[in-house]
Amino acid sequence: MTLSPLETVLIVALMALATMTTRFLPFILFPADKETHPYVTYLGKVLPYAVIGLLVVYCLKGVDILAAPHGLPEALAIGVIVALQLWKGNSLVSIGAGTAVYMVLVQGILS
Amino acid sequence: MKLRALRAAFPHTVPVLTGFSFLGMAYGILMASKGYGVGWTFLMSLFVFAGSAQYMAITLLTAAFNPVYAFFLTLMINARHLFYGLSLLEKFREAGRFRPYLIFGLCDESFSILCSAEPPEGVDRNWFMFFITLLDHSYWVLASVAGGLLGSLLSFNTRGLDFVLTALFVVIFVSQWKSQKKHGPALIGVASSVACLLLFGPDRFIVPAMIAILAILLVFREKLQVAEVESLSVTETKTLPTETSSEEVVK
């Protein structure tokens, strides 16, 4: 433990405050009992589709395509997930199989 | 009522249980290795409840005391949460007494489940959303505490297990894709993020990507709104010709 207990508490409190700011701010700016601007309502409808795309890219941001194994484990596992999800539509099966494929690839074949 | 909502919520959270068990434990182990006891891990996971920020904080807790930097760095890392709130304004509107906790617990994983999962017939939506959030939050707190307590005793090869959360987001992306006729917003999300990742690098692409997504969505709102109307009225063949022409006008 590098910091004193008081310093650590302060860091935890400020980090909680920062996180809560990002989570609560939209709800404070656009309260439930007031009519929201059509632009905001529109964003609420289209953003979920865009944000999940952002999250997928965010998860893959550390993948280096130039160095071995060139993002191949990720690409193959995502291919399996997409194919299974389009074919069967069972989320847990797609996630389980995709993760298993990825683990086998990074621990064995493509490590 | 409550039990049915819990039963309906649980299966949606299984991928998160898997991912958080691993990432939470790893977090607890790391905190312990830096000399921070399990009490600190518990406080952090309970009140901050944001994985990437908590991992980042390990470096802050082992450097010189700099609370202002900690605040702004967390704000930056978690800026994407602003979009979660904007996306869920309508869904949380009627959430009443659950609202504060639902917002407090709005992590990446809970958000992605909440914006795609629908409660089954006869299950109360608010309890359903509450249990998804509570389960995810509990997994994270329990796993990180477990990691702090007994982490070093475990040694099975978990390499690659964290991919389960990527898999969760990919599955939700595909489900959303299947549910829509037009894919403008999804494509804008991926394309802006990839472009900003290449331009700004992995550590600073999130905020530019958010700005790009917002700008493109707003600039093309008429076109994207037309797309939405179209997908809603697929059964009414009569309205289709006029809508195609109105879309061509926009082009």
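Residues numbered from 1 in each chain as written. Chains lettered and ligands numbered in written order. Predicted model: local features only at pLDDT ≥ 70, side-chain atom pairs only at ≥ 80, totals over all residues. Heavy atoms only, no water.

Moving on, we get to the layout of surface pockets. The calculated volume of the largest pocket comes to roughly 1,100 Å³. Taken together, 39 residues form the lining of the largest pocket, with Tyr58(A), Lys61(A), Gly51(B), Ser52(B) and Arg80(B) sitting closest to its centre. Counting residues per element, the ones that place at least two in the lining of the largest pocket are α2 (38-59) of chain A together with α1 (2-33), α3 (51-61), α4 (67-77), α7 (108-114), α9 (163-179) and α11 (206-219) of chain B. Reported here for the second largest pocket is a volume of approximately 950 Å³. Taken together, the elements giving at least two residues each to the lining of the second largest pocket come down to α2 and α4 (91-109) of chain A together with α1, α5 (81-93), α9 and α12 (221-232) of chain B. Here the lining of the second largest pocket gets 7 residues from one element, more than from any other, and that element is α2(A). For the lining of the second largest pocket, the residue count by class is 22 nonpolar, 12 polar and 7 charged. Both of domain 1 (2-178) and domain 2 (180-251) of chain B provide at least three residues apiece to the lining of the second largest pocket. (1 Å grid on protein atoms, 1.4 Å probe; cavity = no way out; pocket = protein on both sides within 12 Å on 5 of 7 lines; lining within 4 Å. Points joined across faces, edges and corners; volume = space filled by probe spheres on them. Helix = DSSP H or I, 4+ residues; strand = E, 2+ residues; numbered from the N terminus. Nonpolar A, V, L, I, M, F, W, Y, C, P; charged D, E, K, R; others polar. Domains from an automatic or database assignment.)

Scanning all chains against the criterion turns up 1 cavity of 30 Å³ or more. Considered as a void within the structure, the largest cavity measures approximately 40 Å³ in volume. Lining the largest cavity we find Tyr49(A), Gln176(B), Trp177(B), Gln180(B), Lys182(B), His183(B), Pro185(B) and Ala186(B). Looking at the lining of the largest cavity, the elements that each hand over two or more residues are α9 and α10 (184-200) of chain B.

A cis amide bond links Ala68(A) with the next residue in sequence, Pro69(A), at an omega value of 0°. By the element assignment, Pro69(A) lies in the loop between α2 and α3 (72-87). Positive phi values are uncommon outside glycine, yet Phe49(B) reaches one of about 45°. With respect to the helices, strands and loops of the structure, Phe49(B) is situated in the loop between α2 (38-47) and α3.

Residues and elements named next belong to chain B. Under the counting rule described, the total for this entry stands at 15 aromatic pairs over all chains. A centroid spacing of 5.7 Å and a plane angle of 85° characterise the contact between tryptophan 127 and phenylalanine 130, whose relative ring orientation is edge-to-face. Of the two residues, tryptophan 127 and phenylalanine 130 both sit in helix α8 (residues 125-150), 3 residues apart, roughly one turn of that helix. For tryptophan 127, a relative accessible area of 14% puts it in the buried group. Classification of phenylalanine 130 by relative accessible area gives buried; the value is 17%. Ring centres of phenylalanine 173 and tryptophan 177 lie 5.9 Å apart, and the angle between their planes is 35°; this geometry places the pair in the tilted category. Taken together, the residues span about one helical turn, with phenylalanine 173 and tryptophan 177 both in helix α9 at a distance of 4 residues. (Phe/Tyr/Trp six-rings, centres within 6.5 Å; stacked < 30°, edge-to-face > 60°. Buried < 20%, exposed > 50% of the residue type's maximum accessible area, 1.4 Å probe, protein only.)

Right, let's get into the nonpolar core. Most often, soluble globular proteins have nonpolar side chains that are buried together. Of all hydrophobic cores here, the largest spans 80 residues; its most connected members are Leu47(A), Phe20(B), Leu88(B), Phe92(B), Phe111(B), Phe205(B) and Leu217(B). For this core, the element with the most residues is α2(A), which contributes 14 residues. Taken together, domain 1 (2-178) and domain 2 (180-251) of chain B each give at least three residues to this core, which thus spans both. The next biggest cluster of nonpolar side chains, apart from the first, holds 19 residues, and it includes Val12(A), Met44(B), Ala50(B) and Ala57(B). (Core = buried A, V, L, I, M, F, W, Y, C linked by side-chain atoms within 4.5 Å.)

A few words now on the interface of chain B and chain A. Each partner contributes to the interface: chain B provides 98 residues, whereas chain A provides 70 residues. Summing both sides of the interface, chain B and chain A together bury roughly 7,400 Å²; the carbon and sulfur share of this comes to 77%. Per-residue buried area on chain B facing chain A is highest for Trp40(B), Phe65(B) and Phe163(B); these three make up 9% of the total on that side. In this assembly, chain B and chain A are joined by 0 salt bridges. Taken together, the links from chain B to chain A amount to 16 residue pairs in polar contact (both at pLDDT 80 or more). Here the side of chain B that touches chain A takes 15 residues from α9(B), the largest share from any one element. In terms of residue class, the side of chain B that touches chain A is built from 65 nonpolar, 23 polar and 10 charged. (Contact = heavy atoms within 4.5 Å. Buried area = accessible area lost by both parts, 1.4 Å probe. Salt bridge = Lys/Arg side-chain N within 4 Å of Asp/Glu carboxyl O. Polar contact = N/O pair within 3.5 Å; in protein donor to acceptor, adjacent residues only side chain to side chain.)

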